[in-house]
Amino acid sequence: MVGIRTRAAVIRSQQITGLSSEVIAELVAEIGPLWHERHQAALASRPRRRAVGAGAKHKLVFVDRLLATLIHLRHGVTHDVLACWFGVNRSTITRAIGEVRPLLAQRGCTIAPGLRLRTLAEVVDHLGENQKTGIIDGTEIRVRRPAAGRKDRDKFISGKNKQNAVKSMVFTDEDGRLLYCSPAEPASCADITHARKLGLVRVLSNGPAVEILADAGYQGLGAQTGGRVITPPHRKFKKNAPDWYEEIHEQRRKAHSSRRIRVEHGIAHLKNWRALARHHGRREHMSDIIQAVAALLSHQHAVSPSYPMNECKYRTSSYPSTCQRQPCTSSLGPRLLKTNTEPPLALMPVMVSGVPRQEGDERDVGDGGGGHEPEVRIAASSRRQFADEGAEISHGKHDARAGPG
């Protein structure tokens, strides 16, 4: 379990988690009750020899579980290192990330407060209502090679990069805002085949008339969708093309490329999260990882419209620190204020099965929940208590007081 000051520093630093403290507060208030309900359902679903709540309590509280998941997604930190930071066993971190990651993935892409898109049909309806242009493109993420002797060993080999990878279709609007990321598919699948499997042709044919820009990998969808999917112009002359045709073809190709470049920017921001740069874990988790990162990025952009387009590119250490950071006011990046003495900090209440507790509580012991169940002390009030905790984080009650300078 991390200390109070370290936890507060992690929450304050957007370079560590990739999210602002306001977004983390909303995640705690939204996902906390869902995690608690799933945990209680799992406890009640199996035969028991003693009452629920007996035994040691969780050592890794929910806020720390969420922070560990965010750090793992943002920087690709291994579970062993996270276990050392948070003072628990590696299996506890693995279990915590496996529980929180699907909850992040199912949230969908946030467009505005109260508006989220989870399916392709919702994305097309949103574009039709706002009279916007959509852009699609496929992106590949390297994964581990399947073991020797497996029948499906070759299906993850990408025909473009000649590497083992999985593929996802990214959907953005004309401004580069993420609208949808599809589940992962083996990289041997072509882009147009992947789009057909997702039902894009059916959704566009039955939905409102919208304009979708795509690259040459989707040539052929335009005829199937009534011209809604626009791809680069075909080359009519394979050899010995006239000079006038070469000039016209190049102008049309560049005009199309300049319109759909925004989706490349959206993919680049996705790949800034190291979990999507190259995945060393199980390939079965890639769908949740892709959709979780897309949900987090879109949520941050909805809260702060300037993010990540105007994000400071000054890179510092990705490890948690107790240094105070000031907002970047110049091209030199954020300034670090090192102080000899740490400023006073209000105690941060943490959640253990939905019960607000203070750091250092005698009850905060155990092996991370392995074999023992936490004490159940809440019922219908759990959602309100998680919301109260999120509100405290967002209002800065957990932050350190201003230091010198």
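Check the entry above for the structure.
What counts and how
- Residues numbered from 1 in each chain as written.
- Predicted model: local features only at pLDDT ≥ 70, side-chain atom pairs only at ≥ 80, totals over all residues.
- Heavy atoms only, no water.
- Helix = DSSP H or I, 4+ residues; strand = E, 2+ residues; numbered from the N terminus.
- Buried < 20%, exposed > 50% of the residue type's maximum accessible area, 1.4 Å probe, protein only.
- Contact = heavy atoms within 4.5 Å.
- Areas by Shrake-Rupley, 256 points an atom, 1.4 Å probe, with all protein chains shown as cover.
- Core = buried A, V, L, I, M, F, W, Y, C linked by side-chain atoms within 4.5 Å.
- Salt bridge = Lys/Arg side-chain N within 4 Å of Asp/Glu carboxyl O.
- Axes fitted to C-alpha atoms, helices over the stretch in contact; angles between N-to-C directions.
- Left-handed = near helix turned anticlockwise from the far one by under 90°.
- Nonpolar A, V, L, I, M, F, W, Y, C, P; charged D, E, K, R; others polar.
- Polar contact = N/O pair within 3.5 Å; in protein donor to acceptor, adjacent residues only side chain to side chain.
- Pairing = 2+ DSSP bridges.
- Parallel < 35°, antiparallel > 145°, perpendicular 65-115°, else oblique.
- Expected span 1.5 Å × (residues − 1).

For this particular structure, what's the right way to read the overall build of the protein?
Along the backbone of the protein there are 13 helices and twelve strands. Across the 405 residues that make up the protein, the buried fraction comes to 46%. Considering only contacts within the protein whose residues lie at least 6 apart along the sequence, 68% involve residues at least 24 apart. Working note: accessible area of the protein is about 19,900 Å², and carbon and sulfur atoms make up 50% of it.

Before we go on, may I ask you to explain unusual backbone geometry in this structure?
Note: most residues except glycine have negative phi, and most peptide bonds are trans. A positive phi angle, close to 55°, is found at Q131, a residue other than glycine. For Q131, the position within the fold is in the loop between α7 (120-130) and β3 (134-142). Accessibility expressed as a relative area gives 69% for Q131, which makes it exposed. A positive phi angle, close to 55°, is found at K162, a residue other than glycine. Topologically, K162 is positioned in the loop between β3 and β4 (165-173). Relative accessible area serves as the criterion here: at 63%, K162 is assigned to the exposed category.

Explanation requested: the nonpolar core in the structure shown.
Ranked by size, the top nonpolar core spans 57 residues in total, and within it L73, F86, I93, L104, L270 and M286 carry the most contacts. Among residues more than four places away in sequence, those in contact with L270 are V170, L178, C181, L276, V293, A294 and L297. Formed by 23 residues, the second largest nonpolar core is a distinct cluster that contains L127, F171, V201 and L221.

What should I look at first to understand the pattern of salt bridges in this one?
Between side chains of opposite charge, pairing is possible as soon as their charged atoms come close. Within the structure shown, the criterion is met by 14 salt bridges. A salt bridge links E30 to R116; the nearest nitrogen and oxygen atoms lie 2.6 Å apart. Separated by 86 residues along the polypeptide, E30 in helix α3 (residues 21-44) and R116 in strand β2 (residues 115-117) bring together distant segments of the chain. Taking relative accessible area as the criterion, R116 reaches 22% and is therefore assigned partly exposed. Residues joined in a network through salt bridges with shared partners are D137, D215, R260 and E264.

What is the right way to read the packing of helix α4 (residues 62-75) against helix α5 (residues 79-86) from this model?
Geometry of a packed helix pair, given as the angle between the helix axes and the separation of the axes. At a minimum axis distance of 11 Å, the contact between α4 and α5 shows a crossing angle of 145°. The handedness of the crossing between α4 and α5 comes out as right-handed. In this structure, α4 uses D64, L67, A68, I71 and H72 to contact α5, whose residues at the interface are H79, L82, W85 and F86. Residues belonging to the contact of α4 with α5 are distributed by class as follows: six nonpolar, two polar and one charged.

What is the right way to look at the side chain of R107 in this model?
Tracing the backbone through its elements, the reader meets R107 in the loop between α6 (90-105) and β1 (109-112). A distance of 3.4 Å separates a polar atom in the side chain of R107 from a polar atom in the side chain of E30. Leaving out residues up to four positions away in the same chain, R107 has contacts with L27, E30, I31, R116, R118, A295, L296 and H299.

Can you help me understand the pairing of β3 in this one?
As a general feature of sheets, a regular strand has side chains that alternate between the two faces. Judged by how many residues are buried, β3 sits mostly within the fold: eight of nine residues are covered. In the sheet, β3 pairs with β4 via nine bridges, with the strands oriented antiparallel. Pairing of I141 across the sheet is with V166, part of β4. Alignment of β3 against strand β7 (residues 212-213), held across two bridges, turns out to be parallel. When the sheet's bridge partners are listed, G134 is paired in β7 with I212.

What should I look at first to understand α7 in this one?
Residues lying three or four places apart along an α-helix face the same way, a consequence of the helix completing one turn every 3.6 residues. What α7 keeps buried is the set L120, V123, V124, H126, L127 and G128. Q131, located one to two residues past α7, shows a positive phi value of around 55°.

Can you help me understand the packing of α3 against helix α12 (residues 286-303) in this one?
Contact geometry of α3 with α12 gives a least axis separation of 10 Å together with a crossing angle of 120°. The angle between α3 and α12 places the two elements in the oblique class. Note on packing geometry: the crossing formed by α3 with α12 is right-handed. Counting all contacts with α3, which are made through V23, E26 and L27, the residues of α12 involved are L296, H299, Q300 and V303. Broken down by class, the residue content of the contact of α3 with α12 amounts to four nonpolar, two polar and one charged.

In this structure, what is going on with α6? I would like to understand it.
With 16 residues, α6 should reach 22 Å at 1.5 Å per residue; the first-to-last C-alpha distance of 23 Å fits that figure. Here α6 has its buried residues at T92, I93, A96, I97, V100, R101, L103, L104 and A105. Residues of α6 that are buried make contact with α3, α4, α5 and α12.

Explanation requested: the environment of T119 in the structure shown.
Of note, T119 is situated in the loop between β2 and α7. Sequence separation of T119 and Y180 is 61 residues, and the distance between their C-alpha atoms is 7.3 Å.

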